[in-house]
2 protein chains.
Amino acid sequence: MRLSSMADYAVVTMSAAARHCGGHRVSAQQLADETGLPAPTVQKLVSKLSAAGLLKAVRGAHGGLKLARPAAAITLADIVEAVEGPIALTPCSDHGRHDCTLESACTVRPHWPAVDAALRGALAGIPLTQLSRPAATAALGAEVMA
Amino acid sequence: MRLSSMADYAVVTMSAAARHCGGHRVSAQQLADETGLPAPTVQKLVSKLSAAGLLKAVRGAHGGLKLARPAAAITLADIVEAVEGPIALTPCSDHGRHDCTLESACTVRPHWPAVDAALRGALAGIPLTQLSRPAATAALGAEVMA
DNA sequence: AGATAACCGGAACGATTCGGTCTGATTTGC
DNA sequence: GCAAATCAGACCGAATCGTTCCGGTTATCT
């Protein structure tokens, strides 16, 4: 139930990138300085994030990163899926492989897709713009918990 | 974003135990046979589950396991928390330790508790009774996604 | 009372994944 | 044409996770 460190770092990195939304590009090194993360780690992250279409990378001298979409159109679910792949709590959900020993008799497997969808929905409700702001701990989650 | 195998097995085990709700106790070995899981693994799981108050264990000859509560009062969140501890996507959430390098300047950390609560809410909405039934893939999650 | 059956806790081993570092390929600017 | 700065992929060590084994405790049956 724990997010991988890479996904955690990706959220921090994207949040830092969103703060530079004002046009001019940012280098991966600069993002590393701002976030305090190791530079090679940030480089690895931006590779995955740009491959997923969340960041736009321009190479060469004076290159750098830029958000591919407005920050409001990028959610936590997008970032997590970009780094960790499809959101699925169990291996049963994402591919047809049932290595389960009881295959057909398993009564819980049919319910995992619904759980995954609920989880993904909770993450998709949090845009990047919200993570860049400094405060407001509440107001979210209450609606889902009820 | 993947559930640990132990938590996955715990759900299967609890679901199998729920099918024996009719009074008489079940041995851990019998649960292992029904689920196809290794017997030592099931034993380790029932230890944690009974310590968490989800299963009631009676020792001695003709002993066995029994649900400590009605199946309707046990949710996915209970089982996951019993095996994996508190539901928290990041280490920032559950204890005061901030090993983050930027501590005070981190703008995303205040938002993690809300995300955790939303996630836990999604899992708490699924009772054990629902997992024992054979079908009905949909009907859940739609409300949370909206 | 002895023996059996079942649960309980800790410790050690092996495998897999994760996180971090390094080197190479590509593009732009002068 | 050269050089600087960037992204992109491959390698490696380390930590965690999952599994198995062992001895101990408790209550029932003979």
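Not measured: the values here are computed from a predicted model.

Right, let's talk about the packing of helix 1 (residues 5-18) of chain B against helix 2 (residues 28-35) of chain B for a bit. All names here are of chain B. Running from N to C, helix 1 and helix 2 point in directions that differ by 110°, and their axes come no closer than 10 Å. Here helix 1 is positioned roughly perpendicular relative to helix 2, judged by the angle of their axes. Residue-level contacts link Val12, Thr13, Ala16 and Ala17 of helix 1 to Leu31, Glu34 and Thr35 of helix 2. Split by residue class, the contact of helix 1 with helix 2 holds 4 nonpolar, 2 polar and 1 charged.

In this section: the protein's contact with DNA strand D. With respect to spatial proximity, 20 residues lie near DNA strand D, and among them Lys44 and Leu65 of chain A together with Ser5, Pro38 and Arg59 of chain B are the closest. Backbone atoms, meaning sugar and phosphate, make up 68% of the atoms of DNA strand D lying within 4 Å of the protein. One nitrogen or oxygen atom from the side chain of Arg59 of chain A is found 3.5 Å from a base oxygen belonging to DNA strand D. At 3.3 Å, a side-chain N or O of Tyr9 of chain B approaches a phosphate oxygen of DNA strand D. Elements that contribute at least two residues to the surface near DNA strand D include exactly helix 3 (39-51) of chain A together with helix 1 and helix 3 (39-51) of chain B. At 4 residues, the largest contribution of residues to the surface near DNA strand D is made by helix 3 of chain A.

So, about the pairing of strand 2 (residues 64-67) of chain B. On any regular strand, side chains alternate: one points to one face of the sheet, the next to the other face. All names here are of chain B. The pairing of strand 1 (residues 55-58) with strand 2 spans 4 bridges and is antiparallel. Across the sheet, the residue bridging to Val58 is Gly64, located in strand 2. The turn linking strand 1 back onto strand 2 is made up of 5 residues, and Gly60 within it adopts a positive phi angle of 90°.

As a further point, take the side chain of Thr35 of chain A. All names here are of chain A. Structurally, Thr35 is set in helix 2 (residues 28-35). A relative accessible area of 4% places Thr35 in the buried class. A polar side-chain atom of Thr35 sits 3.4 Å from the main-chain carbonyl oxygen of Ala32.

Our next topic: the protein's contact with DNA strand C. Of all residues adjacent to DNA strand C, which total 23 residues, the nearest are Ser5, Arg59 and Gly60 of chain A together with Ala28 and Ala57 of chain B. Among the atoms of DNA strand C lying within 4 Å of the protein, the sugar-phosphate backbone contributes 69%. A distance of 2.5 Å separates a phosphate oxygen of DNA strand C from a polar backbone atom of Ser5 of chain A. The contact in question runs from a sugar or linking oxygen of DNA strand C to an N or O atom on the side chain of Arg59 of chain A, over 3.0 Å. Of all the secondary-structure elements, those providing two or more residues to the surface near DNA strand C are helix 1 (5-18) and helix 3 of chain A together with helix 3 and strand 2 of chain B. Broken down by class, the residue content of the surface near DNA strand C amounts to 10 nonpolar, 9 polar and 4 charged.

All names here are of chain A. As enumerated under the stated definition, the model contains 4 salt bridges over all chains in all. Residues Glu81 and Arg120 are paired through a salt bridge, measuring 2.9 Å at the closest nitrogen-oxygen approach. Taken together, the residues span a long stretch of sequence, with Glu81 in helix 4 (residues 76-84) and Arg120 in helix 6 (residues 112-124) at a distance of 39 residues.

A separate point is the environment of Ala88 of chain A. Residue and element names in this part refer to chain A. Along the chain, the position of Ala88 falls in the loop between helix 4 and helix 5 (91-94). For Ala88, a relative accessible area of 2% translates into the label buried. Considering only alpha carbons, one finds Ala88 and Val115, 27 residues apart in sequence, at a separation of 8.6 Å.

Another point: the packing of helix 1 of chain A against helix 4 of chain A. Residue and element names in this part refer to chain A. The N-to-C vectors of helix 1 and helix 4 enclose an angle of 130°; their axes lie 9 Å apart at closest approach. Relative to helix 4, the element helix 1 lies oblique. When you trace helix 1 past helix 4, the crossing you get is right-handed. Of helix 4, the residues touching helix 1 (which contributes Met6, Ala7, Ala10, Val11 and Met14) are Leu76, Ile79, Val83 and Glu84.

What counts and what doesn't
- Residues numbered from 1 in each chain as written.
- Chains lettered and ligands numbered in written order.
- Predicted model: local features only at pLDDT ≥ 70, side-chain atom pairs only at ≥ 80, totals over all residues.
- Heavy atoms only, no water.
- Axes fitted to C-alpha atoms, helices over the stretch in contact; angles between N-to-C directions.
- Helix = DSSP H or I, 4+ residues; strand = E, 2+ residues; numbered from the N terminus.
- Parallel < 35°, antiparallel > 145°, perpendicular 65-115°, else oblique.
- Contact = heavy atoms within 4.5 Å.
- Nonpolar A, V, L, I, M, F, W, Y, C, P; charged D, E, K, R; others polar.
- Near = heavy atom within 4 Å.
- Polar contact = N/O pair within 3.5 Å; in protein donor to acceptor, adjacent residues only side chain to side chain.
- Pairing = 2+ DSSP bridges.
- Buried < 20%, exposed > 50% of the residue type's maximum accessible area, 1.4 Å probe, protein only.
- Salt bridge = Lys/Arg side-chain N within 4 Å of Asp/Glu carboxyl O.
- Left-handed = near helix turned anticlockwise from the far one by under 90°.

Keep in mind these numbers describe shape, not what the thing actually does.
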